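Structure assessment
The residues making up each chain are set out below.
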Amino acid sequence: MCGKPATPYGLRWNPDPPITVISLVTYAVAAGVYTILSWLGVIVLPLGIVSVSALFVAIGFGIPFAIWFGGWGLLIGYIGSFLGAGILAGTPVLLAIPFGFVDWIQFGVPLVAYRVLAPRLGLHPLGKDVTSRKGFLFFLVFAVVIPNGLGSLYGIAILYAGGLVPPGAFWPGVMAWWIGNMIVTVIIAPVLLRMLTPVIERFGLATYGVIT
């Protein structure tokens, strides 16, 4: 028996309703915010490795952006990592291009988990119930530990291949990135998800699928 899905949010490419001007403006503003925070993070709180911050505050905002805005969130992440944490921080262009994809990992894991797995576990696909026991545990696994761990490994590997990671600093760099990002994510993202998700829904700014 066919019926409507339990939630309108998923990973369909381009479901109705069509995207609106206010949505595009919102995504553009979010991209600007993420880019500025990315740049400030690696400039104000450097780790000692180009393009890496000891406490990357931007990630606490970026993960909710991805959960809310789908594929637009991935684009926001790429712009922020390529331009803010990359080019503006002194990373060569040819290295910043692959480095920008780090947020496709750090954002992609929570996006897929929330849009696909969360509803099956009785959780809200936009993270509105992050303060419940089950909601926080899900958030901790799929938005904090796994994506930041994989992202740190990929990001440091790219910088290492480009000669920007000092000898012997590969694994310390990975651990510092991972721990710093987890601290920021667990402090900032739950507040945004709990407080702003109802507002995002009310104004129709969350994507139903990948792009709309």
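What comes next concerns the included structure. (Residues numbered from 1 in each chain as written. Predicted model: local features only at pLDDT ≥ 70, side-chain atom pairs only at ≥ 80, totals over all residues. Heavy atoms only, no water.)

Once that is clear, we can look at the overall build of the chain. If you tally the helices and strands in the chain, you get 7 helices and 0 strands. Going from N to C terminus, the chain has its helices and strands arranged as α-α-α-α-α-α-α. Against the 2.2 N^0.38 benchmark of 17 Å for 212 residues, the chain shows a C-alpha radius of gyration of 17 Å, consistent with a compact globule. Counting only C-alpha atoms and orienting by the principal axes, one finds that the chain spans roughly 60 × 35 × 30 Å. For the chain, the proportion of its 212 residues judged to be buried stands at 47%. Once local pairs closer than 6 in sequence are excluded, the contacts in the chain between residues at least 24 apart make up 78%. When the accessible surface of the chain is totalled, it reaches about 9900 Å², and 77% of it is carbon and sulfur. Charged side chains of the chain number 9 positive and 4 negative; the gap between the two group centres comes to 8 Å. (Helix = DSSP H or I, 4+ residues; strand = E, 2+ residues; numbered from the N terminus. Rg over C-alpha atoms; globule rule 2.2 N^0.38 Å. Buried < 20%, exposed > 50% of the residue type's maximum accessible area, 1.4 Å probe, protein only. Contact = heavy atoms within 4.5 Å. Areas by Shrake-Rupley, 256 points an atom, 1.4 Å probe, with all protein chains shown as cover. Lys, Arg positive; Asp, Glu negative; His and termini not counted. Charge placed at Lys NZ, Arg CZ, Asp CG, Glu CD.)

Moving on, we come to the environment of Leu123. Here Leu123 is to be found in the loop between α5 (102-120) and α6 (133-161). The exposure class of Leu123 is buried, given its relative accessible area of 7%. Note: C-alpha distance between Leu123 and Leu94 (29 residues apart in sequence) is 41 Å. Leaving out residues up to four positions away in the same chain, Leu123 has contacts with Ala118, Asp129, Lys134, Gly135 and Phe138.

This next bit is on the packing of helix α1 (residues 21-44) against helix α2 (residues 58-69). Between α1 and α2, the least distance of the axes is 9 Å, while the angle of their chain directions is 155°. On the basis of the axis angle, α1 is roughly antiparallel to α2. Where α1 crosses over α2, the handedness of that crossing is left-handed. Seen from α1, the contacting residues are Thr26, Tyr27, Ala30, Tyr34, Leu37 and Ser38; seen from α2, they are Ala58, Ile59, Phe61, Gly62, Phe65 and Phe69. Tallied by class, the residues present in the contact of α1 with α2 amount to 9 nonpolar, 3 polar and no charged. (Axes fitted to C-alpha atoms, helices over the stretch in contact; angles between N-to-C directions. Parallel < 35°, antiparallel > 145°, perpendicular 65-115°, else oblique. Left-handed = near helix turned anticlockwise from the far one by under 90°. Nonpolar A, V, L, I, M, F, W, Y, C, P; charged D, E, K, R; others polar.)

Let us now look at α5. Each full turn of the α-helix corresponds to 3.6 residues, which orients residues three or four apart in the same direction. Between its terminal C-alpha atoms α5 stretches 27 Å, which fits the 27 Å expected from 19 residues at 1.5 Å a residue. At Tyr114, α5 shows its maximal kink, close to 40°. Regarding α5, the residues found buried are Val102, Asp103, Gln106, Phe107, Gly108, Pro110, Leu111, Ala113, Tyr114, Arg115 and Ala118. Of the surrounding elements, those touching the buried residues of α5 are α1, α2, α3 (71-84), α4 (93-99), α6 and α7 (170-202). Once α5 finishes, Gly122 follows within two positions and takes phi at roughly 80°, a positive value. (Expected span 1.5 Å × (residues − 1). Bend = angle between axes of the 7 residues up to and from the residue.)

Looking now at the nonpolar core. Across soluble globular proteins, nonpolar side chains have a tendency to be buried as a group. Counting residues in hydrophobic clusters, the biggest one holds 50 residues, and the most contacted among them are Tyr34, Trp68, Phe69, Phe139 and Ile156. With residues near it in sequence (within four places) discarded, Trp68 still touches Arg115, Leu126, Leu192, Leu193, Leu196, Thr197, Ile200, Ala206 and Thr207. (Core = buried A, V, L, I, M, F, W, Y, C linked by side-chain atoms within 4.5 Å.)

Attention shifts here to the pattern of salt bridges. Applying the stated criterion to the full structure yields 1 salt bridge. Close ionic contact of Glu201 with Lys128 constitutes a salt bridge, the shortest N to O distance being 3.0 Å. You can see Glu201 sitting in helix α7 and its partner Lys128 sitting in the loop between α5 and α6, a full 73 residues away along the chain. Looking at Glu201, the relative accessible area reads 24%, which means it is partly exposed. (Salt bridge = Lys/Arg side-chain N within 4 Å of Asp/Glu carboxyl O.)

With the exception of glycine, the majority of residues adopt a negative phi angle, and the majority of peptide bonds are in the trans configuration. Residue Pro17 is bonded to the preceding Asp16 through a cis peptide linkage, with omega at 0°. The backbone of Ser51 shows a phi angle near 75°, a positive value even though the residue is not glycine. When you line up the elements, Ser51 lands in the loop between α1 and α2.

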